[in-house]
Amino acid sequence: MWKLAIDLGSSMTKIYRADTSSGIVLAEPSCVAVAGMDREIKAIGKDAKNLIGKTAEYTSIIYPVYEGEIVDLTLAAAMLKEFLARVGVKPSALRRAQVLIGIPCGASEFARREYAMLAEECGLHKVFFVEQPYLEVLGSGAMLSDSEPVFCIDIGGGVTNVAVVSGDGIIAGISMNVGGNNMDANIMEKVAKTYNLKIGALTAERIKNAVCSLADARGAIVAEGSSVETCRPAAVSVHAAELTGCVRAYVDKILEYAGAVLRKLPAEVAATVNRNGVFLSGGVMKLPGLAQYIGRSLEMRPYLCEEPQFATVRGGGAIIRDKALLTSFGRENE
Ligand SMILES: Nc1ncnc2c1ncn2[C@@H]1O[C@H](COP(=O)(O)OP(=O)(O)OP(=O)(O)O)[C@@H](O)[C@H]1O
Ligand SMILES: [Mg+2]
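Here the structure is a predicted model, which means the values were calculated and not measured. (Residues numbered from 1 in each chain as written. Chains lettered and ligands numbered in written order. Predicted model: local features only at pLDDT ≥ 70, side-chain atom pairs only at ≥ 80, totals over all residues. Heavy atoms only, no water.)

J.: Got a sec to walk through the sheet that holds strand S14 (residues 197-198)? Specific residues and values, please.
T.: Across the sheet, which stays open at both edges, the three strands sit in the order S14-S15-S16 with antiparallel pairing between neighbours. Either end of the sheet is taken by a strand with one partner, and the two such strands are S14 and strand S16 (233-239). Where strand S15 (residues 220-227) lies against S16, seven bridges are found, and the strand directions are antiparallel. When the bridges of S16 are listed, Ser 226 appears paired with Pro 233. Relative to the sheet, helix H6 (residues 180-195) contacts S14 and S16, its axis offset from that of S16 by approximately 100 degrees. (Pairing = 2+ DSSP bridges. Helix = DSSP H or I, 4+ residues; strand = E, 2+ residues; numbered from the N terminus. Contact = heavy atoms within 4.5 Å. Axes fitted to C-alpha atoms, helices over the stretch in contact; angles between N-to-C directions.)

Written out as structure tokens, the structure reads:
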């Protein structure tokens, strides 16, 4: 029987297979390219993302699960069905598959129902929902127990979760619509202002991932786009150091909220958290120097796992394969 954990991220959908030793079996952009009024699906995942900014007017790229919310149930279901097929789950196996889906921290009943409907649309019957901070904690290498609460920060493409979690529940937490996408938008603005070059969202993301840093931003990268003045294709060399502010502005905002979460903690929990440090996950944590920057700012030891963008889905994998954890943390689809 298939056992899968699914992380429907704002930027990337990840699937982990737990009934074999496969581990992560899919990581694809969470988007769909649709054409015309009847929204014919042209591409899903990687192929759809490649079309961003390059399509004619009648094709649009839609992120059906955005900032944790299912904004387009039909397309979300089409996308997830396709991803399940790409992983190799046959339609006949969907009914019996055990599937864990990560849902936003503090998801409302309405949001939970949307996720349940999505699962149903995909033909999944045995589904467990778990709030993301539990998955982030387990996937970033911390243990969940009642006596040792864990402080974690996950910065993804569209959402940041800051939470203090114990085996007993989420003690304090906040989820905000801030992430890598905001940083990309800041980079687009900065390059337009400083270099008179209009760049697309994909280019901005590539620049961020290639040269931005909170340690010692050095070097330069060639950015291609169109000139603000002449509107003709153009390319300029962009200096990494000039872009640091574009990412730091959002990191500082996140740290302000993290400070607020810490200030609300009961004294015993604060003491434990202070001793155990902060566990970091999410794709944005790959920015060089970010973990240390967070550690210095919070005056706490930072723990950054390998491949932090997969922490959530790895945590899901750990729960779906373990009956006891699943009973403690999973809420089954009724
Ligand atoms: N090397 C890198 N440096 C900086 N940022 C990166 C790097 N690699 C990926 N990212 C960014 O990480 C973000 C995606 O992270 P992740 O996969 O954790 O998000 P998600 O789970 O899809 O979204 P969310 O959790 O917000 O719903 C994107 O903004 C992406 O550009
Ligand atoms: Mg995520």
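J.: Which residues make up the domain arrangement of the protein chain, and what values do they have?
T.: With domains assigned, the protein chain is organised as domain 1 (3-135 + 312-332) and domain 2 (142-304). For domain 1 versus domain 2, the separation of C-alpha centres amounts to 24 Å. Every contact between the two is made by 16 residues of domain 1 and, on the other side, 18 residues of domain 2. For the pair domain 1 and domain 2, the summed buried surface comes to about 1300 Å²; carbon and sulfur atoms form 61% of the total. Sorting the residues of domain 1 by area buried against domain 2 places Glu 67, Pro 133 and Tyr 134 first, and these three jointly supply 39% of that buried surface. (Domains from an automatic or database assignment. Buried area = accessible area lost by both parts, 1.4 Å probe.)

J.: Requested: an account of the packing of helix H5 (residues 132-139) against helix H11 (residues 311-320), with residues and values cited.
T.: H11 packs onto H5 with a crossing angle of 90 degrees between their chain directions and a minimal axis gap of 7 Å. With respect to H11, the element H5 is oriented roughly perpendicular. Contacts from Gln 132, Leu 135, Glu 136, Leu 138 and Gly 139 of H5 reach H11 at Ala 311, Thr 312, Arg 314, Gly 315, Gly 316 and Ile 319. Of the residues in the contact of H5 with H11, the class split is four nonpolar, five polar and two charged. (Parallel < 35°, antiparallel > 145°, perpendicular 65-115°, else oblique. Nonpolar A, V, L, I, M, F, W, Y, C, P; charged D, E, K, R; others polar.)

J.: How would you sum up the layout of surface pockets? Please name residues and give values.
T.: The method is simple in principle: a probe with the dimensions of a water molecule rolls over the atoms, and the space it marks as empty is what remains. Taken as a whole, the largest pocket spans an internal volume of roughly 900 Å³. As for the largest pocket, its lining consists of 44 residues, and the residues nearest its centre are Ser 11, Lys 14, Gly 156, Gly 157 and Gly 158. For the lining of the largest pocket, the residue count by class is 15 nonpolar, 18 polar and eleven charged. There are two domains that each give the lining of the largest pocket at least three residues, and those are domain 1 (3-135 + 312-332) and domain 2 (142-304). Counted as a void, the second largest pocket has a volume near 240 Å³. Taken together, 13 residues line the second largest pocket, and the ones lying closest to its centre are Tyr 63, Asn 181, Asp 184, Ala 201 and Glu 205. Those elements giving two or more residues to the lining of the second largest pocket turn out to be H6 and helix H7 (201-211). If one sorts the elements of the lining of the second largest pocket by residue count, H6 sits on top with four residues. For the lining of the second largest pocket, the per-class residue count stands at seven nonpolar, three polar and three charged. (1 Å grid on protein atoms, 1.4 Å probe; cavity = no way out; pocket = protein on both sides within 12 Å on 5 of 7 lines; lining within 4 Å. Points joined across faces, edges and corners; volume = space filled by probe spheres on them.)

J.: Got a sec to walk through the site of ligand 1? Specific residues and values, please.
T.: Close contacts around ligand 1 come from 20 residues, with Ser 10, Met 12, Lys 14, Val 159 and Glu 205 the closest. The contact in question runs from an oxygen atom of ligand 1 to an N or O atom on the backbone of Gly 157, over 3.1 Å. Here an oxygen atom of ligand 1 and a backbone polar atom of Gly 158 are 2.8 Å apart. Considered on its own, ligand 1 offers 660 Å² of accessible surface; in the complex 90% of this is hidden by protein. (Near = heavy atom within 4 Å. Polar contact = N/O pair within 3.5 Å; in protein donor to acceptor, adjacent residues only side chain to side chain. Areas by Shrake-Rupley, 256 points an atom, 1.4 Å probe, with all protein chains shown as cover.)

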